[in-house]
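Structure assessment
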Amino acid sequence: MEPTQESVPDDGAGAAPSATAPPAPARTRQTLPPKGACWYCDKPLDNVRRFCDKECADAFDEEKEYTR
Ligand SMILES: [Zn+2]
C-alpha cells in the first residue's frame, strides 16, 4: 500500500497565506541585506547582522507596516 500524501488535507504548510492564517510579522527585515549597520538606528554592526537587537528589528518592521 502506498502512502496517500496528496489526498491528506493540507493544514497550511507550504500554502499561500490566507485569511485564516495571518502573515507572520518579521518578514520585511529578513529580505534586507546586512549592511554593516543597524537598519533602524544605524549603529555599526558586524557584517552578518541587520539590527543591533530585537527591539530595533521590531521597530523597523513596525515602521514598514505603517508607512505602506
Ligand atoms: Zn539598532
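Relevant structure appears above.
This write-up is about the structure you can find in this document. (Residues numbered from 1 in each chain as written. Predicted model: local features only at pLDDT ≥ 70, side-chain atom pairs only at ≥ 80, totals over all residues. Heavy atoms only, no water.)

1. Quick word on unusual backbone geometry
- Positive phi, close to 65°, is recorded for Asp42, a residue that is not glycine.
- Along the chain, the position of Asp42 falls in the segment before helix 1 (54-66). (Helix = DSSP H or I, 4+ residues; strand = E, 2+ residues; numbered from the N terminus.)

2. Considerations on the coordination of the zinc ion
- Listed as protein donors to the zinc ion are Cys38 (SG), Cys41 (SG), Cys52 (SG) and Cys56 (SG); their distances from the metal cover 2.2 to 2.3 Å.
- Coordination geometry of the zinc ion: the four donor atoms subtend angles of 101 to 117° at the metal centre, consistent with an arrangement described as tetrahedral.
- If you list the donors of the zinc ion from N- to C-terminus, the spacing comes out as C-x2-C-x10-C-x3-C. With a gap of 11 residues between them, Cys41 in the segment before helix 1 and Cys52 in the segment before helix 1 connect regions that are remote in the sequence.
- What makes Cys41 partly exposed here is its relative accessible area of 39%. (Donors = N, O, S within 2.8 Å, 3.2 Å for Na, K, Ca; no water. Tetrahedral: all angles 85-135°; square planar, octahedral: opposite > 155°, others 65-115°. Buried < 20%, exposed > 50% of the residue type's maximum accessible area, 1.4 Å probe, protein only.)

3. Remarks on the packing of aromatic side chains
- Tallied over the full model, the rule gives two aromatic pairs.
- Aromatic side chains Trp39 and Phe60 sit 6.3 Å apart centroid to centroid with 70° between the ring planes, which places their arrangement in the edge-to-face category. With Trp39 in the segment before helix 1 and Phe60 in helix 1, this pair connects stretches of sequence that are 21 residues apart.
- A centroid spacing of 5.2 Å and a plane angle of 55° characterise the contact between Phe51 and Phe60, whose relative ring orientation is tilted. Pair check on accessibility: Phe51 and Phe60 agree, each one buried.
- Members of the aromatic cluster, connected to one another through ring pairs, are Trp39, Phe51 and Phe60. (Phe/Tyr/Trp six-rings, centres within 6.5 Å; stacked < 30°, edge-to-face > 60°.)

4. Some points on the nonpolar core
- Within the largest apolar cluster, eight residues are counted, these being Leu32, Cys38, Leu45, Phe51, Cys52, Cys56, Ala57 and Phe60.
- When sequence neighbours within four positions are dropped, the list of residues in contact with Cys52 reads Cys38, Cys41, Lys43 and Leu45. (Core = buried A, V, L, I, M, F, W, Y, C linked by side-chain atoms within 4.5 Å. Contact = heavy atoms within 4.5 Å.)

5. Side note on the environment of Trp39
- Judged by relative accessible area, Trp39 falls into the partly exposed class, the value being 26%.
- Those residues in contact with Trp39, other than ones at most four positions away along the chain, are Leu32, Pro33, Pro34, Arg50, Phe51 and Phe60.
- Within the structure, Trp39 has its side chain in polar contact with the backbone oxygen of Pro33 (distance 2.9 Å). (Polar contact = N/O pair within 3.5 Å; in protein donor to acceptor, adjacent residues only side chain to side chain.)

These results come straight from atomic positions and should not be treated as a statement about function.
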